[in-house]
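Residues per chain are reported as follows:
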Amino acid sequence: MPLPYDAGYALCPCFWGRRPGRLVSELTRLLPSWQDLSVLDLGCGEGKNAAFAAKRGANVLAIDASRLALRNAVAAWPRVSNIHWQHADIREIELLPNAYDVILAYGLLHCLTSESQVLRVVADIQHATIAGGFNVVCAFNSRHQDLRAHPGFVPTLLAHDDYVRLYSTWALDHSTDTDLNETHPHNGIPHTHSMTRLIARKPSHDHPA
């Protein structure tokens, strides 16, 4: 079955561009040094966020369910070391506890097929984050979605406040519900998504996430 963005990956060798996501860039304010950090990029797409972290010295595991996305990623970042590309579905792999300094879920969660899957994946990535580590979440939310550019895609939409509640025991360094206006290069259709964007820091003390 085609994945939500496979049509774009097939037609455009760099569908998402080469600049990192805004929240990933903003994380450098909280993490001036990425040297030797362990970073997990879930739903890595074509790797722009993974490459950003790796070029700053992090060791990155970049996972996506789309073979086309990973094909483009390998072609886009041939000289960036410290990235291990893995084809996998996050719903079918087990994440080790307390294994990562930073976990990125950039555009991943709304691609899952049910709210229960979203809740389980968020719990898994929280469990896999070290104390004091960060989760960066960017996801469509339920406020407003214009899906004309995504025929056949039915995203799973939680409210912005639902995502905030999932991180209620973490420190929220960034939490916004704003509109993303974009046009994808393969079809040229302008459209708007309401987006939840979070940077959350896991408590350093022994507190359940």
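Everything in this summary refers to the structure shown in the same document.

What counts, and where the lines are drawn
- Residues numbered from 1 in each chain as written.
- Predicted model: local features only at pLDDT ≥ 70, side-chain atom pairs only at ≥ 80, totals over all residues.
- Heavy atoms only, no water.
- Pairing = 2+ DSSP bridges.
- Helix = DSSP H or I, 4+ residues; strand = E, 2+ residues; numbered from the N terminus.
- Axes fitted to C-alpha atoms, helices over the stretch in contact; angles between N-to-C directions.
- Core = buried A, V, L, I, M, F, W, Y, C linked by side-chain atoms within 4.5 Å.
- Buried < 20%, exposed > 50% of the residue type's maximum accessible area, 1.4 Å probe, protein only.
- Contact = heavy atoms within 4.5 Å.
- Salt bridge = Lys/Arg side-chain N within 4 Å of Asp/Glu carboxyl O.

This paragraph deals with the sheet that holds strand E7 (residues 190-201). Neighbouring strands of a sheet are bound in pairs by backbone hydrogen bonds; such pairs are parallel or else antiparallel. If you walk across this open sheet you meet the 7 strands as E3-E2-E1-E4-E5-E7-E6, and the pairing is mixed. Looking at strand neighbours, the two that pair on one side only are strand E3 (83-87) and strand E6 (171-183), the edges of this open sheet. Going from strand to strand, the sheet's axes swing by 15° on average, the running direction of each strand aside. Pairing geometry for strand E5 (residues 129-145) and E7, over 8 bridges, is antiparallel.

Moving on, we get to the nonpolar core. Residues Leu-27, Trp-34, Val-39, Val-60 and Ile-83 are the most contacted members of the largest nonpolar core, which totals 37 residues. Those elements giving two or more residues to this core turn out to be helix H2 (22-30), helix H3 (48-55), strand E2 (59-64), helix H4 (67-76), strand E4 (100-106), E5 and E7. With 5 residues, H3 is the largest single contributor of residues to this core. Among all residues touching Trp-34, those that are not within four sequence positions of it are Val-24, Leu-27, Thr-28, Val-39, Phe-52, Ala-53, Arg-56, Gly-57 and Ala-58. Of all hydrophobic cores here, the second largest spans 26 residues; its members include Ile-103, Ala-105, Ile-125 and Trp-170.

Let's shift gears to H3. Of all 8 residues in H3, 7 are buried, a share of seventy percent or more. If you follow the buried residues of H3, they end up packed against H2, strand E1 (38-42), E2, E3 and E4. Phi turns positive, to about 100°, at Gly-57, one or two residues after H3.

The next thing to look at is the pattern of salt bridges. With the rule as written, the count across this model stands at 8 salt bridges. For Glu-26, the salt bridge is made with Arg-29, and the minimal N-O distance between the two is 3.4 Å. With Glu-26 and Arg-29 both in helix H2 and 3 residues apart, the pair spans about one turn of that helix. Overall, Glu-26 belongs to the partly exposed group, its relative accessible area being 22%. Several salt bridges share partner residues, and in doing so they unite Arg-143, Asp-177 and Asp-179 into one network.

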